[in-house]
Amino acid sequence: MDVKIEASWKDRLKSEFTKPYFLQVATHLKTEKLTGATIYPPGQMIFNAFTQTPFNEVKVVILGQDPYHNPGQAMGLSFSVPDGVSPPPSLVNIYKELYADIGMTIPKTGNLTHWAKQGVLLLNAILTVRANEPASHSKIGWMHFTDAVIKKISDEKTNVVFVLWGKFAQDKQVLIDATKHHILKAAHPSPLSAYNGFFGCKHFSRINQLLMKDGFDPIDWNLSPSSTN
């Protein structure tokens, strides 16, 4: 199967594309489209996280669950929405924590491409969703693929900062070698849980402290209009 994904990832994940589960994912998506279902994100953006952050550039992984399910929101980057789309509640809370942690001006855009281009892999564990049906593709096989992605990063890289917000993300810790990587955990930024430990976690300054300690450039978290182009 010729999967249209960024070259460095394609090389490292090629064995996944021939496994039965991946063929099942592809068949499932084709079948749903034939029945008239609307699937997010658009096909060309399903692997956008990989396009924006090639394997060799990954310094940080921020793990989300599944794409936004409302029209125009999903863009293949966890927590991110395109320019012109209002930031959803979890992203609003991420911005509040950024302001409290590092004093970042709260941006109008919800587009996090600027982070991705600096080495922040914004990875959803599930890469597609049916319109208006959250978690509708949670059992079609995507998690086998994204688990393989996490493990590949853990196995082949060192000193990556894995950011695990909420129980769903924290369950992925078993895939990560904690002896050679950094793992930051907190509550999910959702309004339902942000006050249970997300606010005040100071993960953004902590990420940069860890990166600089390991000899990497820190992330510029600022999302001014010019930085998202």
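Here we summarise the structure given alongside this text. Quick caveat, the model's predicted, so the values are computed rather than measured.

## Description of the nonpolar core
Within the largest apolar cluster, 67 residues are counted, with the highest numbers of intra-cluster contacts made by W9, F47, W115, W142, F145 and I153. Discounting residues that sit within four places of it in the chain, I153 has contacts with W9, F55, V58, V61, L121, V160, F162 and H181.

## Overview of the environment of A135
Within the secondary structure, A135 sits in the loop between β4 (129-130) and α6 (142-156). When residues no more than four places from it in sequence are discounted, the contact partners of A135 are D66 and V129.

## What about the environment of Q173?
Structurally, Q173 can be placed in the loop between α7 (166-170) and β6 (182-186). Setting aside anything within four residues of it in sequence, one finds Q173 in contact with L164, I183 and K185.

## Thoughts on the pairing of strand β3 (residues 120-124)
Among the 5 residues that make up β3, 5 are buried, leaving the element largely enclosed by the rest of the structure. Alternating residues of β3 divide into V120, L122 and N124 and L121 and L123, and every residue in both groups is buried. With 5 bridges connecting them, strand β2 (residues 60-64) and β3 associate as parallel partners. The partner of G64 across the bridge, within β3, is N124.

## Considering the packing of aromatic side chains
Under the definition given, this model contains 20 aromatic pairs. Taking the centre distance of 6.2 Å and the plane angle of 80 degrees together, the rings of Y21 and F22 count as edge-to-face. By way of ring pairs, the aromatic residues W9, F17, Y21, F22, F47, F50, F55, W142 and F145 are connected into one cluster. For K157, the ring lying beneath its charged end belongs to F55, and the centroid distance is 5.1 Å.

## Topic: the pairing of β2
A large share of β2 lies buried, amounting to 5 of its 5 residues. Going residue by residue along β2, you find V60, I62 and G64 tucked away on one face and V61 and L63 tucked away on the opposite face as well. Here β2 runs beside strand β5 (residues 161-165); their pairing, made up of 4 bridges, is parallel. The residue bridging L63 from the neighbouring strand is L164, located in β5.

## Notes on the side chain of K59
Looking at the element boundaries, K59 is found in the loop between α3 (48-52) and β2. At 2.8 Å, the side chain of K59 forms a polar contact with the backbone oxygen of D217. Ignoring anything within four residues of it in the chain, the contact list for K59 reads Q118, G119, N159, V160, V161, L211, F216, D217 and I219.

## Structural notes on the sheet that holds β6
Either a parallel or an antiparallel arrangement is found when strands of a sheet pair, and the pairing is made through backbone hydrogen bonds. Across the sheet, 4 strands lie side by side as β3-β2-β5-β6; this open sheet has parallel pairing. The two strands at the open ends of the sheet, each matched to only one other strand, are β3 and β6. Going across the sheet, the axis of each strand differs from the next one's by a mean of 20 degrees, ignoring polarity. Seen against the sheet, α6 touches β2, β3 and β5 and runs at an angle of roughly 155 degrees to β3. Helix α8 (residues 203-213) rests against β2, β5 and β6 of the sheet, and its axis sits at about 175 degrees to β6.

## Re the packing of helix α4 (residues 89-102) against α8
The geometry of α4 relative to α8 is characterised by a closest axis approach of 8 Å and an angle of 65 degrees between their N-to-C directions. Counting all contacts with α4, which are made through I94, E97, L98, D101 and I102, the residues of α8 involved are H203, F204 and S205. Its residues assigned to classes, the contact of α4 with α8 shows 4 nonpolar, 2 polar and 2 charged.

## Concerning the pattern of salt bridges
A full pass over the atoms with the stated rule returns 11 salt bridges. Among the salt bridges present, the one from E156 reaches R12, with a minimum N-O distance of 3.3 Å. A residue pair is termed long-range when its members are at least 10 positions apart, and E156 in helix α6 and R12 in helix α1 (residues 7-13) qualify at 144 residues. K167 serves as the salt-bridge partner of D171, at 3.0 Å between the closest nitrogen and oxygen. Relative accessible area serves as the criterion here: at 44%, D171 is assigned to the partly exposed category. Within the structure, one salt-bridge network assembled from shared partners comprises R12, K152 and E156.

Calculation rules
Residues numbered from 1 in each chain as written. Predicted model: local features only at pLDDT ≥ 70, side-chain atom pairs only at ≥ 80, totals over all residues. Heavy atoms only, no water. Core = buried A, V, L, I, M, F, W, Y, C linked by side-chain atoms within 4.5 Å. Buried < 20%, exposed > 50% of the residue type's maximum accessible area, 1.4 Å probe, protein only. Contact = heavy atoms within 4.5 Å. Helix = DSSP H or I, 4+ residues; strand = E, 2+ residues; numbered from the N terminus. Pairing = 2+ DSSP bridges. Phe/Tyr/Trp six-rings, centres within 6.5 Å; stacked < 30°, edge-to-face > 60°. Lys NZ or Arg CZ within 6 Å of the ring centre and 35° of its normal. Polar contact = N/O pair within 3.5 Å; in protein donor to acceptor, adjacent residues only side chain to side chain. Axes fitted to C-alpha atoms, helices over the stretch in contact; angles between N-to-C directions. Nonpolar A, V, L, I, M, F, W, Y, C, P; charged D, E, K, R; others polar. Salt bridge = Lys/Arg side-chain N within 4 Å of Asp/Glu carboxyl O.

Everything listed here is a matter of geometry and, on its own, says nothing about what the molecule does.
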